[in-house]
Amino acid sequence: MATKYWVGGGSSTNWNATGNTNWGSASATRDNQPVPTASDDLIFDNGDATNCVITAGATCASLTFAGGTGYVGTVSGSGSLSVAGNLTLASTMTRTFTSEITISSAGTATI
């Protein structure tokens, strides 16, 4: 299991972009981490305004959109999103995601 951060700068704004990914190993660190899997904890933070588009099935262990000066971008798309643990959304972000979000029975959602 790894913690990955949405840092933008990839080959596209897609969650699953693989040429140059949008994922880093630390906040604001663009080191081209692999696209997340179901065992990864994900964090969108650091005042990042890079939009994220979920176009295909996306999975993760937990998903946190940091508030305050945290994530201020838009999450959109119509691919499925499955979170095995906790999901935390931030008031600073925009959500136009139109597909189902599945959270396991062990997880919680904070909106």
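Rules used throughout
- Residues numbered from 1 in each chain as written.
- Predicted model: local features only at pLDDT ≥ 70, side-chain atom pairs only at ≥ 80, totals over all residues.
- Heavy atoms only, no water.
- Pairing = 2+ DSSP bridges.
- Helix = DSSP H or I, 4+ residues; strand = E, 2+ residues; numbered from the N terminus.
- Axes fitted to C-alpha atoms, helices over the stretch in contact; angles between N-to-C directions.

Points about the sheet that holds strand 8 (residues 81-83)
Link 1 in the chain: Strands sit in the order 5-8-11 across an open sheet of three strands; the sheet is parallel. Edge positions in the open sheet fall to strand 5 (58-60) and strand 11 (101-103), since each of these has one partner strand only. On average, each strand axis in the sheet is inclined to that of its neighbour by 10°, with strand direction left out of account.
Link 2 in the chain: Across three bridges, the pairing between strand 5 and strand 8 is parallel. The residue bridging Ala58 from the neighbouring strand is Leu81, located in strand 8.

Examining unusual backbone geometry
Link 1 in the chain: Positive phi, close to 60°, is recorded for Ala28, a residue that is not glycine.
Link 2 in the chain: In this fold, Ala28 is placed in the loop between strand 2 (23-24) and strand 3 (41-44).
Link 3 in the chain: With a phi close to 55°, Asn32 is a non-glycine residue in the positive phi region.
Link 4 in the chain: Topologically, Asn32 is positioned in the loop between strand 2 and strand 3.

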